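# Structural characterization, general
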Amino acid sequence: MSNLPKVIVIAGPTASGKSDLAVWLAKKIRGEIISADSRQVFKGMDIGTGKITKKEMQSIPHYLLDIASPKKRFTVTRFQKLANQAINSILKKNKIPIICGGTGFYIQSVIDGLIFPQVKPDLSLRKQLEKQSAKQLFSLLKKKDAKRARIIDKDNKRRLIRALEIAIKTNNPIPELKKQNNFDILFLGIKKDKEELQKRIEKRLLKRLDQGMIKEVKKLKASGISYKKLYDFGLEYRYLSLFLQNKITYQEMVSLLQKEIEKYAKRQITWFKKDKRIIWIKNKKEMLSLVKNFIFF
RNA sequence: GCUGCAGUAGCUCAGUGGUAGAGCGCUUCUCUGAAAAAGAAGAGGUCGCCAGUCCGAUCCUGGCCUGCAGCA
């Protein structure tokens, strides 16, 4: 039994019904919700991210939605900081924080208290390194930080660039990743079988197109967000903007998007599967008994 | 019915006289300040069917079957 503050986490792939479940639980146990979603943090990205509506929140407070401009860069460490603040203010009210979302890296940064190297992203350095091939970057890294080079994904430029950024700025090898235990965690995962999830993805996709998802992307573009940036947001924002540029047809957009969302869901599942703390649940009843047990003992 | 073109991985197609590849899909995986991003690996094929030539045929020859286009 630990004295650490209790935090509940609800994770799962996209379209698994996390948000609804979290609200339902919050009402039962006097909880408040912290969203852990790397795209829902942005203002104006609502339909495309499947963001919960005011009405659906049923007056349960939600944190970390609409807290950043899509024109600016948002990072894990920013998320981590804000999430910790949110947890503290929920705890002060004597309520239970429920972290709910699908961005595994964000969730992990908070519940494992990851300590990242103190090296801020340097965009001009990154741009410069970007010009080199993965092979060149890799051999550069071997010189600067041989240990890191041994375990890094040598084809992944993005990873290589960040590793080099750290090595160059600090002139030191990257420190080992530190974790700290700040909370007593109940980690729940929503289990859905493949066919059901695919059906839910399809249904939700068509519904959101109906709700004006295209208009939302047009609006973002009109507000000054480039197609390149929209492409980088991925999924809905990527494929809708390709359609708006006439690079693909409407039909292609819908079928590509369906496939891509399915693949994304699989990547999420791969991530979560690794975490052995997760208890996989199928319904509210299973969840509630686990939660009661967690809170009262 | 005739003529032409095609038939190779789940799909779209490359290719070679010494039993085969790509892209996409599928499966599995990675993740140290971009994570809906960015990457990696793997499993799939008696190369339409039957015969012939050849040391050897997916590739050449003949026949058959199937699809597409044109002509009648």
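Here goes a summary of the coordinates provided. (Residues numbered from 1 in each chain as written. Chains lettered and ligands numbered in written order. Predicted model: local features only at pLDDT ≥ 70, side-chain atom pairs only at ≥ 80, totals over all residues.)

### So, the overall build of chain A
Looking only at helices and strands, chain A has 14 helices and six strands in total. Scaling as 2.2 N^0.38, a compact globule of 297 residues should have a C-alpha radius of gyration of about 19 Å, and chain A matches this with 20 Å. Reported as C-alpha extents along the three principal axes, the dimensions of chain A are approximately 55 × 50 × 35 Å. Residue pairs in contact within chain A that sit at least 24 positions apart in sequence constitute 73% of those at least 6 positions apart. (Helix = DSSP H or I, 4+ residues; strand = E, 2+ residues; numbered from the N terminus. Rg over C-alpha atoms; globule rule 2.2 N^0.38 Å. Contact = placed C-beta atoms within 7 Å.)

### Some points on the packing of helix H5 (residues 123-130) against helix H8 (residues 157-170)
Put simply, H5 and H8 touch, their axes get as near as 10 Å, and they point 125 degrees apart. On the basis of their axis angle, the class for H5 and H8 is oblique. Seen from above, H5 lies across H8 with right-handed handedness. Of H8, the residues touching H5 (which contributes Leu125, Arg126, Leu129 and Glu130) are Ile161, Leu164 and Glu165. (Axes fitted to C-alpha atoms, helices over the stretch in contact; angles between N-to-C directions. Parallel < 35°, antiparallel > 145°, perpendicular 65-115°, else oblique. Left-handed = near helix turned anticlockwise from the far one by under 90°.)

### Comments concerning the protein's contact with RNA strand B
Surrounding RNA strand B, one finds 47 residues, the nearest of these being Ser38, Arg39, Thr49, Gly234 and Leu235. Secondary-structure elements contributing two or more residues to the surface near RNA strand B are helix H3 (76-92), H8, helix H11 (227-233), helix H12 (235-244) and helix H13 (250-273). Split by residue class, the surface near RNA strand B holds 14 nonpolar, 13 polar and 20 charged. (Near = placed C-beta within 6 Å. Nonpolar A, V, L, I, M, F, W, Y, C, P; charged D, E, K, R; others polar.)

### Here we look at the nonpolar core
Ranked by internal contacts, the top residues of the largest apolar core, which has 38 residues, are Ile8, Val9, Ile10, Ala22, Ile34, Ile98 and Ile99. Contributing elements (two or more residues each) for this core: strand E1 (6-11), helix H1 (18-29), strand E2 (31-36), H3, strand E4 (96-101), helix H4 (104-111), strand E5 (184-190) and helix H14 (284-296). Those residues in contact with Ile10 that sit more than four places away from it in its chain are Lys18, Leu21, Ala22, Ile98, Cys100, Leu188 and Ile190. Of all hydrophobic cores here, the second largest spans 17 residues; its members include Ala15, Leu197, Ile225 and Leu240. (Core = buried A, V, L, I, M, F, W, Y, C linked by C-beta atoms within 7 Å. Buried ≥ 20, exposed ≤ 12 C-beta atoms within 10 Å, placed from the backbone.)

### Considerations on the sheet that holds E5
Reading across the sheet, the six strands line up as E3-E2-E4-E1-E5-E6 and stay open at both edges, with parallel pairing between neighbours. Lying at the two open borders of the sheet, with one neighbouring strand each, are strand E3 (62-63) and strand E6 (279-281). Where E2 and E3 come together, two bridges link them in parallel fashion. In the strand pairing of E3, Ile33 is matched with His62. Its contacts with the sheet put H3 on E1, E2, E3 and E4, and the angle it makes with E2 is roughly 175 degrees. (Pairing = 2+ DSSP bridges.)

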